[in-house]
Amino acid sequence: SLSVSPNLNCSLSFSLISLQRLREGHCFNALMSIVGALKYSSPLSRLRETLAEVPEKDLQHLNELAELLQSTSNYNAYRRELNAASSAHQFALPILGVLLKDLIAIDAAMPSRLGKDKKYNLAKLVSLGQAYLTITHQQKIRPSFEPDHEYMKILKVSVCQPAHTEEELYTLSLAREVRTAKDNFKPK
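Just so we're clear, the structure is a prediction, and the values are computed from it rather than from any experiment.

Enquirer: Just to check I follow, could you spell out the overall build of the protein chain for this structure?
Expert: The secondary structure content of the protein chain amounts to ten helices and two strands. What you see in the protein chain, going N to C, is helices and strands ordered as α-α-α-α-α-α-α-β-β-α-α-α. Pairs at least 24 apart in sequence give 67% of the contacts found in the protein chain among residues at least 6 apart. Counting every atom, the protein chain has about 12,600 Å² of accessible surface; 59% of that belongs to carbon and sulfur.

Structure (structure tokens):
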């Protein structure tokens, strides 16, 4: 059964607190997933009137996090923050999609063997090794924070709820705000 939260602003505030905790803990993979959902999901972005009620500082914070995770300049801002955490020997969970993109780019751009005698391309092996070091380095570092069990219970409840289809989410957004001529999105 679909129901509309009476206080979306409270939910968004909780999400922003969660995002701040994820950033402080350098959990970039989860941070990317939640920012993407809050910033770019069609049903949520359609709720202009509801989003207008969200405090400006909260929206600004969400925009700052979105800028951190932008693909601009090959995720440069995110990579700087990840490298700073790694250099300080702090736990960090990289964005797995970016890491996989790097591995694919290296594999596609560089031949595995060179020349007539088909010698291994050491530059490619070194590049692949550096990407793998990102993961293996982080596996050796323990997080500097202890789990907050109450907070984890709240997250489990919200995550374990059945997933809604795009059409169901759109229906929920219509229950919250009536569709206007400005809204171009229609689920298939």
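Enquirer: How should the packing of aromatic side chains be read in this particular structure?
Expert: Remark: the centre distance and the inter-plane angle together describe each pair of aromatic rings, the angle taken between the planes. Counted by the stated rule, this structure contains one aromatic pair. Between Phe-28 and Tyr-78, the aromatic rings sit 5.3 Å apart at their centres with planes inclined by 75 degrees, giving edge-to-face as the arrangement. Taken together, the residues span a long stretch of sequence, with Phe-28 in helix H2 (residues 28–40) and Tyr-78 in helix H6 (residues 72–87) at a distance of 50 residues. Accessibility assignment for this pair places Phe-28 and Tyr-78 in one class, buried. The ring of Tyr-120 is capped by Arg-113, whose NZ or CZ atom sits 4.0 Å from the centre of that ring.

Enquirer: How should I be thinking about the layout of surface pockets in this particular structure?
Expert: The method is simple in principle: a probe with the dimensions of a water molecule rolls over the atoms, and the space it marks as empty is what remains. Here the second largest pocket defines a volume of roughly 270 Å³. Lining the second largest pocket are 16 residues, with Arg-79, Leu-82, Asn-83, Asp-102 and Thr-134 positioned closest to its centre. Looking at the lining of the second largest pocket, the elements that each hand over two or more residues are H6, helix H7 (96–109) and helix H8 (122–139). Considering every element that reaches the lining of the second largest pocket, the biggest residue donor is H8, with six residues. Partitioning the lining of the second largest pocket into residue classes produces eight nonpolar, six polar and two charged.

Enquirer: I keep staring at the environment of Pro-143 and nothing clicks. Help me out?
Expert: Inspection of the secondary structure assignment puts Pro-143 in the loop between H8 and helix H9 (149–160). Sequence-wise, Pro-143 and Leu-93 are 50 residues apart; in three dimensions their C-alpha atoms are separated by 9.7 Å.

Enquirer: Sorry, what's going on with the packing of H2 against helix H5 (residues 56–68) here?
Expert: Between two packed helices, what matters for the description is the angle formed by their axes and the separation of those axes. It is the contact of H2 with H5, at a shortest axis distance of 10 Å, that shows an interaxial angle of 125 degrees. One element, H2, and the other, H5, form an angle in the oblique class. Where H2 crosses over H5, the handedness of that crossing is left-handed. Only Leu-62, Asn-63, Leu-65, Ala-66 and Leu-68 of H5 make contact with H2, whose side of the interface consists of Phe-28, Leu-31, Val-35, Leu-38, Lys-39 and Tyr-40. In terms of residue class, the contact of H2 with H5 is built from nine nonpolar, one polar and one charged.

Conventions adopted
Residues numbered from 1 in each chain as written. Predicted model: local features only at pLDDT ≥ 70, side-chain atom pairs only at ≥ 80, totals over all residues. Heavy atoms only, no water. Helix = DSSP H or I, 4+ residues; strand = E, 2+ residues; numbered from the N terminus. Contact = heavy atoms within 4.5 Å. Areas by Shrake-Rupley, 256 points an atom, 1.4 Å probe, with all protein chains shown as cover. Phe/Tyr/Trp six-rings, centres within 6.5 Å; stacked < 30°, edge-to-face > 60°. Buried < 20%, exposed > 50% of the residue type's maximum accessible area, 1.4 Å probe, protein only. Lys NZ or Arg CZ within 6 Å of the ring centre and 35° of its normal. 1 Å grid on protein atoms, 1.4 Å probe; cavity = no way out; pocket = protein on both sides within 12 Å on 5 of 7 lines; lining within 4 Å. Points joined across faces, edges and corners; volume = space filled by probe spheres on them. Nonpolar A, V, L, I, M, F, W, Y, C, P; charged D, E, K, R; others polar. Axes fitted to C-alpha atoms, helices over the stretch in contact; angles between N-to-C directions. Parallel < 35°, antiparallel > 145°, perpendicular 65-115°, else oblique. Left-handed = near helix turned anticlockwise from the far one by under 90°.

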